[in-house]
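Chains, contacts and geometry: an overview
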Amino acid sequence: MKKTISILLAAIAVFSLAACQAAPEETVVVKTNTERMVAQATEQSGGASVSSLGVPQGKYVFDATGADGKLHIRADANVHVPDAESLPIMEATVSSFTQDQVTAIFNCLFPNEKPMTNTQTETKSDIEAEIARMRKQLADGDVTDFTTEQFEAMIAQLEESCKSAPDSAPDAQVSDGTMQLIFDAQTNMPLAWTLSAATATAQFSVCTPADVAGIGSQASGAYVSGASIYYKRTDVDYSTRHTVSVDGTDSSGDADKKIGISYAEATELCENLFAAAGMANNFCVGAAYIVDDTGADELQGENYAYLLCYTRQASGVPLFYIDPLGTVQNQDDAFSLPWDYETAVFIVDASGIVSLRWRDPIDIGETIEPDCTLKTFEEITGVFEAMMKTSYEAVAQTVFDGKCEFNVSVTDVQLCLMRIRQQNAAQTDGLLVPAWVFYGQNEGTNESGEVRYFQGADVLTSKIGGMTASRFEIGSEDVNDPFVYLSRARESEPVVLLAINAVDGSIIDITKGY
């Protein structure tokens, strides 16, 4: 079935996700008791306003050493709080893209020339070649993922399908944005709604599961991913190898001028697309950068663009933004449902939207508690300071076999809403809870001046579309090795150092969702 699967995956532009390896001497993370946490959030009438949490007007400053002087933790961090006096707890569920939403986005991206559909029909010759491959695989004994009987049954089913398969694929048709339902090859059950279409200069693909409850399952050996929309112009090619952060409030010099479009105009294009999909005011910019088309370690090209990373917002409060790493193992070593954080990443230049990668949408449901009782900022930083030293002492003693100076720098602290899994509920159900997220950098330097950055399960690459890929492109041959070399172009990008539940002070493991 590998050919069938690979054709489907190519058509819907699903990005591969790798399992995360646990950090050495992994810090104990207490799983949030969501029922108790919700009760605690309502303990005091009226909750606690954001202005009463004791958030400093200036920066958060902290300095500590550990691991016999090998570890240095320093905070000189900007503190970001939402423009709201209270923070809620709200329901959230895994969602998908409706046909109406896909049609609206399709027409927004292709206002004039419509793309041609990419046919996914397998012909008799395609299936016959797959049968021959599988028979050889069976003869060689290379069926470790299946029993011989299961493999023979799959071959028999392909032989049956071959009888009714067309001799040739149908001609491509002009697409109107309508998705087609793909069925499971073995069970004939609906698998996903998909669309793949292209013009001479642009590609567009959609995959949205027929049933969100099936996300993370293995259907006929094919991984059922969350919903995704992918669009890319092929006549331009911008690189995220090097980026310059922008906040939209002032000019970024020559690079900003070379784009030929203002930040406000670029974000308006993105927000018009959200509005067309019926999601006006549902998103805000989580991070913004300038990129160019050279792929060099610094901006030096002739063509520049904005990289705009959007995050959903609820009750005017931004949700936590991260570029996900994917499936992780829970404490019982059994795979739980992969539920990646929603991301919508645009590249926009003077010609318009150049690319869009929108994945893992959610639906925001009822408000459980509109005005939570929150821990003070002093209580939260007390948890942070204790946990950081405990966590990173293990890291400092492992990187370069402990023969290095390991430095952690905290640059930003943000109060936001973070999605966690809901206890005693379906795996597709969660809660949006107030959380403090601490961002920064880390690096270990040995006596030879060699540098490594920790990218393990508890320290995730964040705030930049496509950064996860760099984890596998450079350095370690083992993609599960959490101690990997990154290019110098990546060293200044922030990672999530720690996330703390603002209601009960528990640590949130963002790879597991609690």
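Cut-off values and rules
Residues numbered from 1 in each chain as written. Predicted model: local features only at pLDDT ≥ 70, side-chain atom pairs only at ≥ 80, totals over all residues. Heavy atoms only, no water. Helix = DSSP H or I, 4+ residues; strand = E, 2+ residues; numbered from the N terminus. Buried < 20%, exposed > 50% of the residue type's maximum accessible area, 1.4 Å probe, protein only. pLDDT = per-residue confidence, 0-100. Contact = heavy atoms within 4.5 Å. Pairing = 2+ DSSP bridges. Salt bridge = Lys/Arg side-chain N within 4 Å of Asp/Glu carboxyl O. Phe/Tyr/Trp six-rings, centres within 6.5 Å; stacked < 30°, edge-to-face > 60°.

Our next topic: unusual backbone geometry. Despite not being glycine, Asn 281 has its phi angle at roughly 65°, a positive value. Note on placement: Asn 281 falls in the loop between α7 (263-276) and β12 (283-292). Among the residues examined, Asn 281 registers a relative accessible area of 69% and is labelled exposed. With phi around 50°, Ser 315 is a residue other than glycine that occupies positive phi space. Mapped onto the fold, Ser 315 is located in the loop between β13 (304-314) and β14 (317-318). Judged by relative accessible area, which is 53%, Ser 315 ranks as exposed.

The next subject is the confidence of the model for the chain. Scored by pLDDT, the chain has a mean of 77; 74% of the residues are at 70 or more. The least confident element of the chain is helix α1 (residues 2-12), whose mean pLDDT is 29; the most confident is helix α3 (residues 99-109), at 97. Note that pLDDT drops below 50 for residues 456-492; the model gives that stretch 111 contacts with residues more than four away or on any other chain.

Further remarks concern the pairing of strand β23 (residues 495-501). Of all 7 residues in β23, 7 are buried, a share of seventy percent or more. Pairing of strand β19 (residues 429-446) with β23 involves 6 bridges; the strand directions are antiparallel. From the neighbouring strand, Gly 440 faces β23, where its bridge partner is Val 495.

Relative to the helices and strands, Phe 377 resides in helix α8 (residues 377-396). On the accessibility criterion, Phe 377 (5% relative accessible area) is buried. Residues Phe 377 and Leu 53, spaced 324 residues apart in sequence, show a C-alpha to C-alpha distance of 5.6 Å.

In this section: the environment of Val 236. Following the sequence through the fold, Val 236 ends up in the loop between β10 (228-233) and β11 (239-245). Relative accessible area serves as the criterion here: at 21%, Val 236 is assigned to the partly exposed category. For Val 236 and Thr 201, which are 35 residues apart along the polypeptide, the C-alpha to C-alpha distance reads 8.8 Å.

This paragraph deals with the pattern of salt bridges. In total, this model carries 10 salt bridges according to the counting rule given. Between Arg 135 and Glu 159 there is a salt bridge, with its nearest N and O atoms 2.4 Å apart. Of the two residues, Arg 135 sits in helix α4 (residues 124-139) while Glu 159 sits in helix α5 (residues 148-164), which places them 24 residues apart along the sequence. A salt bridge links Asp 235 to Arg 233, with the nearest nitrogen and oxygen atoms 2.8 Å apart. A relative accessible area of 45% places Asp 235 in the partly exposed class. Taking relative accessible area as the criterion, Arg 233 reaches 13% and is therefore assigned buried.

What follows covers the packing of aromatic side chains. Tallied over the full model, the rule gives 19 aromatic pairs. Here Tyr 60 and Phe 438 contribute two aromatic rings whose centre-to-centre distance is 6.3 Å and whose plane-to-plane angle is 70°, an arrangement assigned as edge-to-face. Of the two residues, Tyr 60 is situated in strand β1 (residues 60-66) and Phe 438 in strand β19; the sequence distance between them amounts to 378 residues. For Tyr 60, a relative accessible area of 5% puts it in the buried group. With a relative accessible area of 0%, Phe 438 lands in the buried category. Taking 5.1 Å as the distance between ring centres and 65° as the angle between the ring planes, the aromatic pair formed by Phe 377 and Trp 436 counts as edge-to-face. Within this pair, whereas Phe 377 is found in helix α8, its partner Trp 436 is found in strand β19, the two being separated by 59 residues in sequence. Clustering of aromatic rings is evident, with ring pairs tying together Phe 97, Phe 274, Phe 283, Tyr 310, Phe 346 and Trp 358.

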